Amino acid sequence: SVSPQATWCELPSRVLLVLTSQRGVQMYDADGSTMVFWHALDVPELPAAHSVFARGIAAAGGRFICVGEPRAWAGWWPWAGPAPADPPDPTGTSFGAVLVFDIPPKGTNVTLSEVLEQHRDPITDIAAEQGQAPDGAGDLVTADDSGTLCLWSSGEEFTLLGKIPGSGCTCSSVALWNGIVAAGYGNGQIRLWEAGSGRIRAQVSAHARWIYALDLAPLTGKLLSGAEDSFVHVWKLSRNPDTDDIEVQHCHAECVTDTQVCGARFCDPAGDTFAVTGYDLSEILCYGPA
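Residues numbered from 1 in each chain as written. Predicted model: local features only at pLDDT ≥ 70, side-chain atom pairs only at ≥ 80, totals over all residues. Heavy atoms only, no water.

## Looking at the overall build of the protein
Short version of the rule: Counting from the N terminus, the helices are DSSP H or I runs at least four residues long and the strands are E runs at least two residues long. Type-normalised accessible area, obtained with a 1.4 Å probe on protein chains alone, sets the label of each residue: buried when under 20%, exposed when over 50%, and partly exposed for intermediate values. Note on contacts: a residue pair qualifies if any of its non-hydrogen atoms lie within 4.5 Å across the two residues. All accessible areas in this document rest on Shrake-Rupley with a 1.4 Å probe, and a residue is counted as covered only by the protein chains that are shown.
Of the regular secondary structure elements, the protein holds 0 helices and 23 strands. Residue burial in the protein is summarised as follows: out of 290 residues, 49% are buried. Across the protein, every contact between residues at least 6 apart in sequence was considered, and the portion connecting residues at least 24 apart equals 45%. Summing over all exposed atoms, the protein offers an accessible surface of approximately 13500 Å²; the carbon and sulfur share of this is 50%.

Listed below in structure tokens is the structure:
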């Protein structure tokens, strides 16, 4: 089975490698040698044209790992037979749930502690706070295929703090830093939102095509974006100390020739180096100071 996403999840007590695939969610020890946990996706056998993937991985609240899971209304899929008389989803397809796994300090006793069901479209990405969240801002954001964002506060029970409605354009990647939600969209835009109020504070036409990757450097507020237009950009996010406005500064651009960029990540907390890969590219390209 194909794995569309792999993420290192750093918790105070341990580091786990989390993989998602068509079949389910796998968690491994830091060296990848031992599978700690396996969770199968609750979906039927599907034709190849209707492949379903878990999507979105983030460590949150010091002891939880959150993973996006596709689900069908009442177990029904459009190609599985007659539709129910009144499906909750007006398009009659699927919605996205967020699985919350409680991770023990050691061992394999991982438990599914909660399922968050606020999205009416499949989950595309999940991000946890990478800095210091202002009071009331929450520490987790989830995004879906319609562009809707949900803001959460983690804890024994996760609390929905607010929802930012989508505009019909997919939000393909999100990041969260110091109460700022950075969201990348299928139209190439990056939008910055306040995690506390849900207000939009900035919008940048960053790329000519679909953005597939966003990453934040927690020590500096640098934002990395990669897209299908072959470009990778580095931005700097900050707050004006006098007005509290969110400011965006463009720092650097790289063109990965003839490559649709599908993955981009910083390699250090300050954002001085980053790695990039693309569709049909068997290499990982690393960039750093000259």
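Now that the structure has been shown, we can carry on.
## Details of the sheet that holds strand β23 (residues 285-287)
Our working definition: For two strands to pair, DSSP has to find at least two bridges joining them. Angles shown run from 0 to 180 degrees and are taken between the N-to-C directions of axes, each axis being a line fitted to C-alpha atoms and, for helices, limited to the stretch in contact.
With respect to topology, 3 strands assemble into an open sheet ordered β21-β22-β23, the strand pairing being antiparallel. Whereas interior strands pair on both sides, the edge strands pair on one side only; in this sheet they are β21 (261-266) and β23. Here the strands of the sheet are splayed against their neighbours by 20° on average, with no regard to which way each runs. Direction of pairing for strand β22 (residues 274-278) relative to β23: antiparallel, over a ladder of 3 bridges. Bridged to F274 within β23 is Y287.

## Side note on the confidence of the model for the protein
As a reminder, the rule being used: pLDDT is a residue-level measure of predictor confidence that goes from 0 to 100.
When pLDDT is averaged along the protein, the result is 85, and 86% of the positions lie at 70 or above. Within the protein, the lowest mean pLDDT, 83, falls on strand β6 (residues 64-72), and the highest, 96, falls on strand β18 (residues 222-227). Below pLDDT 50 for its whole length, residues 46-51 participates in 5 contacts with residues either more than four positions away or in separate chains. Under a pLDDT of 50 for its full length, residues 73-93 has, in the predicted model, 26 contacts with residues more than four places off or in other chains.

## Describing the packing of aromatic side chains
Our working rule: Only Phe, Tyr and Trp rings take part, Trp by its six-membered ring, and two of them pair if their centres are within 6.5 Å. Stacked means planes under 30 degrees apart, edge-to-face means over 60, and tilted covers everything else. Two conditions define a charge located above a ring, namely a distance within 6 Å from the ring centre to NZ of Lys or CZ of Arg, and an angle within 35 degrees of the ring normal.
Summed over all chains, the structure comprises 5 aromatic pairs. Centroid distance F37 to F101: 5.4 Å. Interplanar angle 65°. Geometry classified as edge-to-face. Of the two residues, F37 is situated in strand β4 (residues 35-40) and F101 in strand β7 (residues 94-102); the sequence distance between them amounts to 64 residues. Note on accessibility: F37 and F101 belong to one class, buried. With a centroid separation of 5.7 Å and an interplanar angle of 85°, the aromatic rings of Y212 and Y279 are classed as edge-to-face. Here Y279 lies in the loop between β22 and β23 and Y212 lies in strand β17 (residues 211-217), a separation of 67 residues in the sequence. The structure contains a cluster of three or more aromatic residues connected by ring pairs, namely W210, Y212 and Y279. We note R191 situated over the ring of Y185; from NZ or CZ to the ring centre the distance is 4.2 Å.

## Regarding empty space enclosed by the protein
Left-over empty space is what a probe sized like a water molecule reveals as it rolls over the atoms. Selection rule: The rule is simple: put a 1 Å grid over the protein atoms alone, call a set of points where a 1.4 Å probe fits but cannot get out a cavity, call an open set with protein on both sides within 12 Å along at least five of seven lines a pocket, and count a residue as lining if it has an atom within 4 Å of a point. Grid points are joined across faces, edges and corners, and a volume is the space filled by probe spheres set on the points.
Taken as a whole, this structure holds 1 cavity of 30 Å³ or more when the rule is applied. There is about 40 Å³ of room inside the largest cavity. Along the walls of the largest cavity sit I190, L192, V204, L223, W235, L237 and V248, which together make up its complete lining.

## Digging into the state of the cysteines
Counted only if it meets this: By convention in this document, the label disulfide applies to cysteine sulfur atom pairs within 2.5 Å.
Applying the stated criterion to the full structure yields 0 disulfides. Between C66, a free cysteine, and C9, which holds the nearest cysteine sulfur, the sulfur-to-sulfur gap is 9.0 Å.

## What about the pattern of salt bridges?
As a reminder of what qualifies: One side-chain nitrogen of Lys or Arg within 4 Å of one carboxyl oxygen of Asp or Glu is enough to make a salt bridge.
One pass over the full model with this rule turns up 9 salt bridges. Put simply, E156 and R63 hold a salt bridge, and the shortest N to O gap is 2.6 Å. On the criterion of sequence distance, the pair formed by E156 in the loop between β11 (149-153) and β12 (159-164) and R63 in the loop between β5 (57-60) and β6 is long-range, its members being 93 residues apart. Residue class for R63 comes out partly exposed when judged on its relative accessible area of 29%. The partner of R239 in a salt bridge is D244, with the nearest N and O atoms 3.6 Å apart. Residue classification places D244 among the partly exposed positions, given a relative accessible area of 41%. Overlapping salt bridges, with partners in common, bring together E194, R201, R239, D244 and D245 in one network.

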